[in-house]
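Summary of the model geometry
What follows is the residue order along each chain.
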Amino acid sequence: MARGLCLSFAAVLDDLCLRPAGRSQRYTNSELAQLVVANGGDITDGYISHLRKGHRDNPTLQTVQDLAAALGVSPAVFVGGRRERLGDEQPRRSFPDKLRHLFHVVHPPGRGPYTPEEVANAISDNGRYGSISSSYLRELLNPPRQLPPNPRLKHLLGLADFFGLADDDGPQVAYFLDDHLAATIDAELDDYAAFRDAGVVEFVTRMAMQAPRWSPQMRRQAIDAFSYAVESGDGAWAFPLRKDGAQ
């Protein structure tokens, strides 16, 4: 399964119940509900039935994690991620920490981070993932100690989409459910932020917009000049460059 939502939550949950990991017998809704409750969760067999049939399609983050623990799979499997469960899958990084990192790192050149109002308005105006308020986003970023954040699946979808966490199949929501994947994505985001802060993103964007108007010779000269500047660290380069890269 790809990392995007190529299967619905209902289809994934139903498949996990019909073909559970490490067990020959299928899970009934009652059995699964009892397992969740035994592990400290709170769910009913009726709600599980609605989820499996697709009558309810917006479970909370805690519900996703509770179902995954009971079924012995990674929570990321419900959003197109890996199925194998690694240990108890307790997140080393909290949801607020991951969300704060996205706010801090992902924003266009020449401006500071997006505000909760901007993110909430964009997600709500999009309409694909329902609506979210700026005040709720602020609670997710800095939740009260006695109330751990518990966003719903559509909130995760909207946030992943807004911050550009996507592959060919859609928003890469597994970022919020898989610490291993999150570490990989964060490393890529940190590289992007370093390029943006150095002006590389803005420069390359402008160059890409102009390149269709250039001759093949101009394109080669631009590539040579950019490569020379990066490799030499010399800020005094200028056109034309000799073939050996010297001025």
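Quick look at the structure, then. The shown structure was predicted, so the numbers you read here are calculated from the model rather than taken from an experiment.

Moving on, we get to helix α8 (residues 153–162). Burial runs high along α8: 7 of the 10 residues are buried. Of all the residues in α8, the buried ones are L153, H155, L156, L157, G158, L159 and A160.

All right, on to the pattern of salt bridges then. Within the structure shown, the criterion is met by 12 salt bridges. Residue E31 is joined to R23 by a salt bridge in which the shortest nitrogen-to-oxygen separation is 3.2 Å. Accessibility expressed as a relative area gives 28% for R23, which makes it partly exposed. One continuous salt-bridge network, built from bridges that share partners, spans R93, D97 and D186.

Membership of the largest hydrophobic core comes to 55 residues, with the highest contact counts inside it found for L13, L67, F78, L99, L137, L159 and F176. It is helix α4 (residues 61–71) that provides the largest number of residues to this core, a total of 6 residues. Contact partners of L13, with chain neighbours within four places excluded, come to L32, I48, L51, R52, L67, L71 and F78.

Let us look at the packing of aromatic side chains. A complete count under the given rule lists 6 aromatic pairs for this structure. Judged by centre distance (5.4 Å) and plane angle (80 degrees), the rings of Y175 and F176 are edge-to-face. Across this residue pair, the class does not change: Y175 and F176 are buried. It is R23 that lies over the ring of Y27; its NZ or CZ is 4.0 Å from the centre.

Calculation rules
- Residues numbered from 1 in each chain as written.
- Predicted model: local features only at pLDDT ≥ 70, side-chain atom pairs only at ≥ 80, totals over all residues.
- Heavy atoms only, no water.
- Buried < 20%, exposed > 50% of the residue type's maximum accessible area, 1.4 Å probe, protein only.
- Helix = DSSP H or I, 4+ residues; strand = E, 2+ residues; numbered from the N terminus.
- Salt bridge = Lys/Arg side-chain N within 4 Å of Asp/Glu carboxyl O.
- Core = buried A, V, L, I, M, F, W, Y, C linked by side-chain atoms within 4.5 Å.
- Contact = heavy atoms within 4.5 Å.
- Phe/Tyr/Trp six-rings, centres within 6.5 Å; stacked < 30°, edge-to-face > 60°.
- Lys NZ or Arg CZ within 6 Å of the ring centre and 35° of its normal.

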